[in-house]
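Each chain, written out:
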Amino acid sequence: MLATHLDVFNIVQAKFLAAEVVKSINLNVSIVDGPQNNSNRILALVEYNNSFALFVLVSSRTQPVSFSDLSIETVVPVDQSFACETEPVAGQNHVILVIKYKQNRYEYNIEVGKESCNFAAELIRSKEVSTSKPNFTWLEKYFGTMNQSNRNSDPISDQSEFVLVRDGMTQGQTAINRESMLRYQLKLRDSEFTQKQEFTIFVGTWNVNGQPCSASLRSWLSYDENPPDVYAIGFQEIDLSKEAFIFNDTPREAEWQKLVMDGLHPNAKYRLVALARLVGMQLAVMINNQHYQHVRNVSFDTVGTGLLGKMGNKGGVAVRLELHNTSLCFVNCHLAAHVEEYERRNQDYKDINARINFRRNPPAIKDHDQVYWLGDLNYRITDLSNTQVKVLLQRNETNALLKVDQLNQQRERGNVLLDYLEGDITFQPTYKFDLFTDVYDTSEKARPPAWTDRILWRGRGIHQLYYRSHMDLKVSDHKPVSALFKSEISVVDPTKYRKVHEDLLKKMDKHENEFLPQVTVDQTEVTFDLVKFREPQCRDIIIANTGVNAELLQVPAEFEFIKKLDESFYCKDWLRIVPFSGSINPGEKCDVRLEVNLETDLDTLDDILVLHLKGGKDMFIIVNGTCQKSCFTQSLSSLVRIQVPILHLSDEEWNLARNNISPIYYSVPRELWLLVDYLYRHGLKTRDLFESCALHEELIHIRDWLDCGSQEPIPGTPQAIAESLLLFLSYTKDPVIPFELQDVCIAAANNFENCRQLILQKVNDIHRTVFLYVCMFLQELLRYSNDNGYDAKTLASLFGDILLRDQIRNSKPQASRGKANFVYNFLMNDLSSSLLPK
């Protein structure tokens, strides 16, 4: 058998189940009197349980490269009604193969040769050895895949008895996931048992600027005459304290939620469905008591996009639920501040969308029937001064201002919220007011008014009734905003549902063991370019559902990446898969993104992903790439042994340093000294130095400057250098205080002398020097607390979780008070006697 023929033979076999054995194939077949250049058909003789059938396959390529390139055109059982013969064609190197089955006749051109002779012999032999009463129920699943032009001549459609024998499991087959199949079929037929019913949904957002509120919220939440069916109320900045920022803990949550519950419409009773909070953001979803029984599958998630890409001073919280037969998602966000930071706001929006994972179906925001996006989006008015904006407002020229509104501009350019809708803005800008007034900012900064607080939506059947601000609430520098929607919800008719459900179950009982899901993946080896520290790269793979489409039931494919034996997770730490599971409807595809983000010291990336298909076969995807070393992921003992930027070292020099063979040149790593020295000279008086987020590009420039070296000054602002310092200390191979000493240090945190003795006696020279060096820099920072706004407790809380780092990184902002107390001791006491051990 030629290599090409063997390849195609294996591809054809992959089109069938393992128990359905392809006995012979004939390539380059065409229909007699068909169109020219139609020789892309393949004849295949297939055996199953001593019964045979002839398949005519059409290839979408000249030579198929995957079974997904093949589609089934005709299926003919080989039984007593089957007959075949050949008719020569004068002067030609081909013959006509005539296939007869009952009243049907098929004619194909096949080339004369060894292949066609062998195929004809196998075809004749198959009829001779076939059982006297062959069972062809295994063919039923293939009829749905046949081209429509051939359906009327279905060769077994007139069989009087065609009962499915449920022997699939005994043949080694795995039944398709029943729940998945039923869910999909119900979705296809939901119009038979659902009807649209209008629900009113009240969505509100308010940035409360850290202010306590004792006034009633009824003028905001009960503004309309009739009570809404659903409330979704989002707050931002409910607590601006440093403690809330560091520890993600605040008593304000309960205070504001009580005000919300007290302010709901008095003409109805409501129950809390979900409450999600992240530092200053809070999202509460309430529903009218009479609808509560129809709520299910409630879930929420939070994403911090602030400091180090995880702190929750900025980010989003989201709640999803299913009301009757419609999935709803509410997202409350607080995006990056400052006029010029619109690119950062765009990135925050993308991060929230990418990282929110409800761990239910659907797991992502975008896949819900209806999505309501609310919050302090922080987009401002560009190119106009404070005075110019106020003059246009006095003239009531709102449209002129909306043309230079950053959110509108970015949406028009397709950078953010592209597929969302927003109602007409007819209210005044909601930011920034002097506290307890309706007067726009008269402070020294004189920020121009802007529509920072917004509500948008996406999905079918959503009709906005009102979009307004509420000027009477004056405790904050923002005004609350609300929108009232009349939204169509699919409500199930129990009687009709039961009838459809029973009908589907009967059909599934008949068909399910003969249906296997099948998918194809466009690539099984993914190679990344040179991977650098915290510089993500993405590659997309396409998973397509190429499974059987039966006449009555279609087969969805449920996939999931699963862990390998002896491994705790389905992929390595440096890899992220979105989505890692899902369901693909027949004929559709799913784009799966593989994102690598290097945060450890690796030379190469290697992983094998197991793509598990429920009810089907596992597939394997190889992921690989080469890594570039960086000072950010090395051990402190290695870094003090190199005198030049790390990328200037030869492999031999680096191996000597990494193995602690080279001499020690510095007391602290050169890179640490460069970062701290810059902050000592330029950052001591910078306000909120460690709380502002740098753009990703700034951090990349600083990383390259440290790794590659340069005669130019270190790039970036003091805030970007400060974040780079936190990154450096957060990602060293070993923490400054070793893992094994953390519990002892926390236990000793109430006594400075005990803490000091631990550092002097238990911590090695290099790590001790680095720890004391950082603490002495923080002491210097505290000398300028009037300028930078920091106190010892705040700095101790921030650096405690970094200097005493946990072995397992927590993606959510969380700090330890014990660690903070340990560091606090060293910020409040003289360290001169601790510099050298006695």
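All of these numbers come straight from a predicted model, not from anything done at the bench.

### Notes on the confidence of the model for the chain
Per-residue confidence for the chain averages 86 on the pLDDT scale, and 89% of its residues sit at or above 70. Counting interchain partners and residues more than four positions distant, the pLDDT-below-50 stretch residues 144-176 has 79 contacts.

### What about the environment of Leu 772?
Examined against the element boundaries, Leu 772 turns out to sit in helix H19 (residues 765-782). Residue Leu 772 is classed as buried on the basis of its relative accessible area, which comes to 1%. With 59 residues separating them along the chain, Leu 772 and Leu 831 place their C-alpha atoms 7.5 Å apart.

### Thoughts on helix H6 (residues 252-263)
Spacing of three or four residues puts side chains on the same side of an α-helix, whose turn is 3.6 residues. Helix length check: H6 (12 residues) gives 16 Å between terminal C-alpha atoms against 16 Å at 1.5 Å per residue, within 8%. Of all the positions in H6, only Arg 252, Trp 256, Gln 257, Leu 259, Val 260 and Gly 263 are classed as buried. The arc that holds every buried residue of H6, seen down its axis, measures 155°, which confines them to one face. Within H6, the exposed residues directed more than 90 degrees away from the buried face are Ala 254 and Lys 258. If you follow the buried residues of H6, they end up packed against strand S8 (194-207), helix H4 (218-221), strand S9 (230-236), strand S10 (270-278) and strand S11 (281-288).

### Observations regarding helix H15 (residues 696-708)
Compared with the 18 Å implied by 1.5 Å per residue over 13 residues, the 18 Å span of H15 between its first and last C-alpha is a close match. Buried within H15 are the following residues: Leu 699, Ile 700, Ile 702, Arg 703, Trp 705, Leu 706 and Asp 707. One or two positions beyond H15, positive phi appears at Gly 709, with a value near 80°.

### Quick notes on the environment of Glu 122
Relative to the elements of secondary structure, Glu 122 occurs in helix H2 (residues 114-129). For Glu 122, a relative accessible area of 26% translates into the label partly exposed. Among residues more than four places away in sequence, those in contact with Glu 122 are Lys 23, Ser 24 and Leu 45.

### Here's the deal with the sheet that holds strand S19 (residues 519-521)
With respect to topology, 4 strands assemble into an open sheet ordered S19-S21-S25-S23, the strand pairing being antiparallel. Strands with a single pairing partner mark the edges of an open sheet, and in this sheet they are S19 and strand S23 (575-578). Sheet twist, expressed as the average angle between the axes of neighbouring strands with direction ignored, equals 25°. In the sheet, S23 pairs with strand S25 (residues 589-596) via 4 bridges, with the strands oriented antiparallel. Among the inter-strand pairings, Arg 576 is bridged to a residue of S25, identified as Glu 595.

### Here's the deal with the packing of aromatic side chains
This model, assessed by the stated rule, comprises 29 aromatic pairs. Between Trp 206 and Trp 220 the ring centres are 5.7 Å apart and the planes differ by 80°, which places this aromatic pair in the edge-to-face class. In this pair, Trp 206 is assigned in strand S8 and Trp 220 in helix H4, connecting sequence segments 14 residues apart. As far as the burial class goes, Trp 206 and Trp 220 line up, both buried. Between Tyr 570 and Phe 580, the ring centres sit 5.2 Å apart and the planes meet at 20°, which makes this aromatic pair stacked. With Tyr 570 in the loop between strand S22 (557-562) and S23 and Phe 580 in the loop between S23 and strand S24 (581-584), the pair connects residues that are 10 residues apart, well separated along the chain. By relative accessible area, Phe 580 is classed as partly exposed at 23%.

Quick notes on the rules
Residues numbered from 1 in each chain as written. Predicted model: local features only at pLDDT ≥ 70, side-chain atom pairs only at ≥ 80, totals over all residues. Heavy atoms only, no water. pLDDT = per-residue confidence, 0-100. Contact = heavy atoms within 4.5 Å. Helix = DSSP H or I, 4+ residues; strand = E, 2+ residues; numbered from the N terminus. Buried < 20%, exposed > 50% of the residue type's maximum accessible area, 1.4 Å probe, protein only. Expected span 1.5 Å × (residues − 1). Arc of directions from axis to C-beta. Pairing = 2+ DSSP bridges. Axes fitted to C-alpha atoms, helices over the stretch in contact; angles between N-to-C directions. Phe/Tyr/Trp six-rings, centres within 6.5 Å; stacked < 30°, edge-to-face > 60°.

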